[in-house]
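Chain by chain, the residues run as shown.
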Amino acid sequence: QVQLVESGGGLVQPGGSLRLSCAASGSIFSWYDMGWYRQAPGKQRELVATMTSRENTNYADSVKGRFTISRDNAKKTVYFEMNSLKPEDTAVYYCNAVRVDVVPRYYYWGQGTQVTVSS
């Protein structure tokens, strides 16, 4: 099992940047696929970016070229560098971890961190 804690959210002006962190504990972090999701009020939770245990990445079209997911397995942390932020990026951002190579498959979630983009 793994426990996840997000941090780094806050208020930023349009065009600004934020760096989110997701600190993991309790398991072998390098074996997990990691992801960042976000959820705005009244909307479904949206997959924003993923990084597999092999460090392959994928991004939602809405953030491609602006956001970058990375991981440091030694620090058991995944990062999310968010640049050129837009008001529509405002949401609670959640970190996710899953072992895709074992059954049963468990999905772990952090508590979320609020990102608000406003002038």
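It should be emphasised that the depicted structure is a prediction, and the values quoted were computed from it without experimental measurement.

Observations regarding the nonpolar core
By size, the foremost hydrophobic cluster in this structure holds 31 residues, and its most contacted members are Leu-4, Met-34, Trp-36, Phe-80, Met-82 and Tyr-93. For this core, the secondary structure elements donating two or more residues are strand S3 (18-25), strand S4 (33-39), strand S5 (46-51), strand S7 (67-72), strand S8 (77-82), strand S9 (91-98) and strand S11 (113-117). Those residues in contact with Met-82, other than ones at most four positions away along the chain, are Gly-16, Ser-17, Leu-18, Leu-20, Arg-66, Phe-67, Tyr-93 and Val-115.

So, the pattern of salt bridges
Counted by the stated rule, this structure contains 6 salt bridges. Put simply, Arg-19 and Glu-81 hold a salt bridge, and the shortest N to O gap is 3.9 Å. Of this pair, Arg-19 sits in strand S3 while Glu-81 sits in strand S8, and the two are 62 residues apart along the sequence. Here the residues in one salt-bridge network are Arg-38, Glu-46, Arg-66 and Asp-89, joined through shared partners.

A closer look at the state of the cysteines
Going through the model one piece at a time under the given rule, you end up with 1 disulfide. Disulfide pairing places Cys-22 opposite Cys-95 at an S-S distance of 2.1 Å. Given an S-S torsion of about -85°, the disulfide between Cys-22 and Cys-95 has left-handed geometry. Here the residue Cys-22 occupies a position in strand S3, and Cys-95 occupies one in strand S9, the gap between them amounting to 73 residues. Side by side, Cys-22 and Cys-95 carry an identical accessibility label, which is buried.

So, unusual backbone geometry
In this structure, the amide linkage connecting Val-103 to the following residue, Pro-104, adopts the cis form with an omega of -5°. Tracing the backbone shows Pro-104 in the loop between S9 and strand S10 (107-109). In this structure, Lys-76 takes a positive phi of about 55° despite not being glycine. Examined against the element boundaries, Lys-76 turns out to sit in the loop between S7 and S8. One non-glycine residue, Ser-84, adopts positive backbone phi at about 50°. Structurally, Ser-84 can be placed in the loop between S8 and S9.

A short note on the packing of aromatic side chains
What the rule picks out here adds up to 6 aromatic pairs. For the ring pair Tyr-32 and Tyr-108, a centre distance of 6.3 Å and an interplane angle of 70° mean the geometry is edge-to-face. Taken together, the residues Tyr-32 in the loop between S3 and S4 and Tyr-108 in strand S10 connect sequence positions 76 residues apart. Seen from their ring centres, Trp-36 and Phe-80 are 5.5 Å apart, and the 5° between their planes marks the pair as stacked. Linking Trp-36 in strand S4 with Phe-80 in strand S8, this pair joins segments that are 44 residues apart in sequence. Residue Trp-36 shares its accessibility class with Phe-80, and that shared class is buried. Every member of this aromatic cluster is reached through a ring pair, and the members are Trp-36, Phe-67, Phe-80 and Tyr-93. Across the ring face of Tyr-79, the terminal group of Arg-19 is positioned such that the distance to the ring centre comes to 4.1 Å. One Lys or Arg, Arg-71, reaches over the ring of Phe-29 and ends 4.6 Å from the middle of that ring.

The rules behind these values
- Residues numbered from 1 in each chain as written.
- Predicted model: local features only at pLDDT ≥ 70, side-chain atom pairs only at ≥ 80, totals over all residues.
- Heavy atoms only, no water.
- Core = buried A, V, L, I, M, F, W, Y, C linked by side-chain atoms within 4.5 Å.
- Buried < 20%, exposed > 50% of the residue type's maximum accessible area, 1.4 Å probe, protein only.
- Helix = DSSP H or I, 4+ residues; strand = E, 2+ residues; numbered from the N terminus.
- Contact = heavy atoms within 4.5 Å.
- Salt bridge = Lys/Arg side-chain N within 4 Å of Asp/Glu carboxyl O.
- Disulfide = S-S within 2.5 Å.
- Phe/Tyr/Trp six-rings, centres within 6.5 Å; stacked < 30°, edge-to-face > 60°.
- Lys NZ or Arg CZ within 6 Å of the ring centre and 35° of its normal.

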